[in-house]
Amino acid sequence: MSTLRVNIEDIYQFATEDQVQSLMPTVEQSIKTLYAGNGKGSDYLGWLNLPSLITPEQIDAINEVANDLRSKSEVVVVVGIGGSYLGAKSIIESLSHSFTGSIEGNAPRVIFAGFNICEEYHSELLELLDKKTYSIIVISKSGTTTEPAIAFRLLKQHLEAKVGKTEAATRIVAITDPSKGALRQLATQENYRTFIIPNDIGGRYSVFTPVGLLPIAAAGFDIQKLIDGAAAAEKQTGFDIPLTENPACLYAAARNALYENGYKTEIMVNYTPKLHYITEWWKQLFGESEGKENKGIFPAGVNFTTDLHSLGQYIQQGERLIFETVITVKNSKRKLEIPSDSANLDELNYISGKRLSDVNRMAQLGTTLAHIDGKVPNMSIEIPEINEYWLGNLMYFFQKSCAISGYTLAVNPFDQPGVEAYKKNMFALLGKKGYEEQGKLLREILGEEH
Ligand code: PA5
């Protein structure tokens, strides 16, 4: 039967089976706490049973708006940062054509903004949009996050200047808090269509809410299949599944056992650039959930074989604090064989006739063996193929693993108090009202030219 599989066998020379077993009671307590809803951050558990609770009517409502945007746009711009964009971005990038950036056929291209403050990026975006028909999906729970607020202000004015205020309002959809915040207020005032980010779901756990679903549907992908895959993972990682058969518990136990043994950096490895943004999403999920109270595994990512030619040297022989988690994709959707060449100057004829996916598999096998030999613990997470169903399955699995792992580490996996520090300094330096004292202090530290 096709299923997501976690294999932790290759960590046992670095963290023994007994050690992993000895963590199981804590992991068991963690999953109990999660389902009992009485742990740290338990106001934010709306994602836990979400896939099995989503109704066909909710999916239809999202698809209806997505289809309307698709029918009138060459480009859909999604504005958001962190958990308000990475889920959608990772699925759309994984499923889109690598070079056209969209689903094959005539779907609009979905592009992203509001996740940086780069002047060139936004200028070039507006330059592109000058020549395109476009719509905007603006996503912000608080409605006041600086990066998306700046991008949305620019885009709103650009769109209104281009098509007029009334038409612009039909091309803007806001996804935000059900009742409060600046974006909710603006959406009501301007009569935008809206979807809500439920109060009990934080940004990085929101991919199966309209935050992820509307942009993914606007890109032309099947959100019902995504939810079906997530719902299957919800069952597979459920409370009633024995711990050793529960992939989320296994993964949480294995990474915490390695952490206890000094492996403080986890590298998420893929062998296809299609999964690059899944890793980016995973980095946020685990980094924001676990990195607090001076604790937490540092989540990093590599795309192999590309990064074997940059970071491979460090991984093989640098400081021994790294472990790797490899996402293995069993089947490639396309078929491409290495041709034979009569001159054979590149000496590749020994693999002519082989599929690229076979060569990639041997690269993966060879790399894993070399890294284990170099004392890098390895585990793998296998999915059958890259499609909506299996990405939904994988992402829900990671959400559940992250919550269990965070509780095992005894932190609150649902808050992110550290994110505020840079914001306060930035507001103070920009002269925002209420930050005058801190601004004075920072200017004294930084000196005259600031
Ligand atoms: O995971 C999180 O909670 C954060 O990454 C937020 O999603 C991010 O900061 C964006 O916040 P907001 O949606 O309020 O603009």
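Details of the structure are given in the entry above.
J.: Please set out the layout of surface pockets residue by residue, giving values where relevant.
T.: Taken as a whole, the second largest pocket spans an internal volume of roughly 780 Å³. Along its surface, the second largest pocket is lined by 33 residues, and Lys141, Ser142, Thr145, Gln416 and Lys423 are the ones closest to its centre. For the lining of the second largest pocket, the secondary-structure elements that each account for two or more residues are helix 6 (146–163), helix 12 (276–290) and helix 16 (420–430). Looking at the lining of the second largest pocket residue by residue, the classes come out as eleven nonpolar, 14 polar and eight charged.

J.: Which residues make up the site of the ligand, and what values do they have?
T.: Residues in contact with the ligand amount to 13 residues; listed here are only the nearest, Ser84, Ser140, Lys141, Thr145 and Gln284. A distance of 3.4 Å separates an oxygen atom of the ligand from a polar atom in the backbone of glycine 203. With the chains in place, 87% of the 380 Å² that the ligand exposes on its own is no longer accessible. In a pocket analysis with a 2 Å cut-off to the grid points, the ligand is assigned to the second largest pocket. Here the shell around the ligand is built from residues that sort into one nonpolar, nine polar and three charged.

J.: Tell me about the sheet that holds strand 10 (residues 378–383), residues and numbers included.
T.: An order of 1-10-9-7-8 is seen for the five strands of this open sheet, with the pairing classed as mixed. For this open sheet the edge positions go to strand 1 (5–7) and strand 8 (298–303), each flanked by a neighbour on one side alone. Each strand axis lies, on average, 20° off the axis of its neighbour in the sheet, ignoring direction. Bridge count for strand 7 (residues 265–270) against strand 9 (residues 322–329) is six bridges, and the pairing is parallel. Along strand 9, the bridge assignment pairs isoleucine 267 with glutamate 324. Across the sheet, helix 12 is in contact with strand 7, strand 8 and strand 9; its angle to strand 8 comes to roughly 175°. Together, strand 1, strand 7, strand 9 and strand 10 form the strand contacts of helix 15 (residues 388–408), whose direction differs from that of strand 10 by roughly 140°.

J.: Pulling in residues and values, what's your account of the nonpolar core?
T.: By size, the foremost hydrophobic cluster in this structure holds 96 residues, and its most contacted members are Trp47, Tyr251 and Phe398. Examining the composition of this core, we find that eleven residues originate from one element, helix 15, more than from any other. Taken domain by domain, this core gets at least three of its residues from each of domain 1 (5–40 + 230–408) and domain 2 (50–227). Once residues lying within four places of it in the same chain are set aside, the contact partners of tyrosine 251 are Val6, Glu266, Met268, Trp282, Phe286, Thr325, Met379, Ile381, Phe397, Phe398 and Ser401. Leu129, Leu155, Ile172 and Leu183 belong to the second-largest nonpolar core, a separate cluster that totals 21 residues.

J.: Go over a negative patch on the surface with me, naming the residues and quoting the values.
T.: Taken together, the side chains of Glu119, Glu120, Glu124, Glu127 and Asp130 define an acidic patch exposed on the protein surface. Topologically, aspartate 130 is positioned in helix 5 (residues 119–130).

J.: Describe the pattern of salt bridges, and please don't skip the residues or the numbers.
T.: Counted according to the given criterion, the structure contains 18 salt bridges. The residue arginine 255 makes a salt bridge to glutamate 290 at a minimum N-O spacing of 2.9 Å. Taken together, the residues span a long stretch of sequence, with arginine 255 in helix 11 (residues 247–260) and glutamate 290 in helix 12 at a distance of 35 residues. Across the pair, glutamate 290 and arginine 255 agree in class, each one buried. Of the charged contacts, one joins lysine 292 and aspartate 415 as a salt bridge, the two residues approaching to 2.7 Å between their closest N and O atoms. Of this pair, lysine 292 sits in the loop between helix 12 and strand 8 while aspartate 415 sits in the loop between helix 15 and helix 16; the two residues are 123 residues apart in sequence, bridging distant segments of the chain. Using a relative accessible area of 11% as the deciding quantity, one classes lysine 292 as buried. One salt-bridge network, in which partners are shared between bridges, spans Lys156, Glu160, Lys165 and Glu190.

Conventions adopted
Residues numbered from 1 in each chain as written. Predicted model: local features only at pLDDT ≥ 70, side-chain atom pairs only at ≥ 80, totals over all residues. Heavy atoms only, no water. 1 Å grid on protein atoms, 1.4 Å probe; cavity = no way out; pocket = protein on both sides within 12 Å on 5 of 7 lines; lining within 4 Å. Points joined across faces, edges and corners; volume = space filled by probe spheres on them. Helix = DSSP H or I, 4+ residues; strand = E, 2+ residues; numbered from the N terminus. Nonpolar A, V, L, I, M, F, W, Y, C, P; charged D, E, K, R; others polar. Near = heavy atom within 4 Å. Polar contact = N/O pair within 3.5 Å; in protein donor to acceptor, adjacent residues only side chain to side chain. Areas by Shrake-Rupley, 256 points an atom, 1.4 Å probe, with all protein chains shown as cover. Sits in = over half its atoms within 2 Å of the grid points. Pairing = 2+ DSSP bridges. Axes fitted to C-alpha atoms, helices over the stretch in contact; angles between N-to-C directions. Contact = heavy atoms within 4.5 Å. Core = buried A, V, L, I, M, F, W, Y, C linked by side-chain atoms within 4.5 Å. Buried < 20%, exposed > 50% of the residue type's maximum accessible area, 1.4 Å probe, protein only. Domains from an automatic or database assignment. Patch = residues over 30% accessible without salt bridge, like charges linked within 9 Å, V, L, I, M, F, W, Y side chains within 5 Å. Salt bridge = Lys/Arg side-chain N within 4 Å of Asp/Glu carboxyl O. Lys, Arg positive; Asp, Glu negative; His and termini not counted. Charge placed at Lys NZ, Arg CZ, Asp CG, Glu CD.

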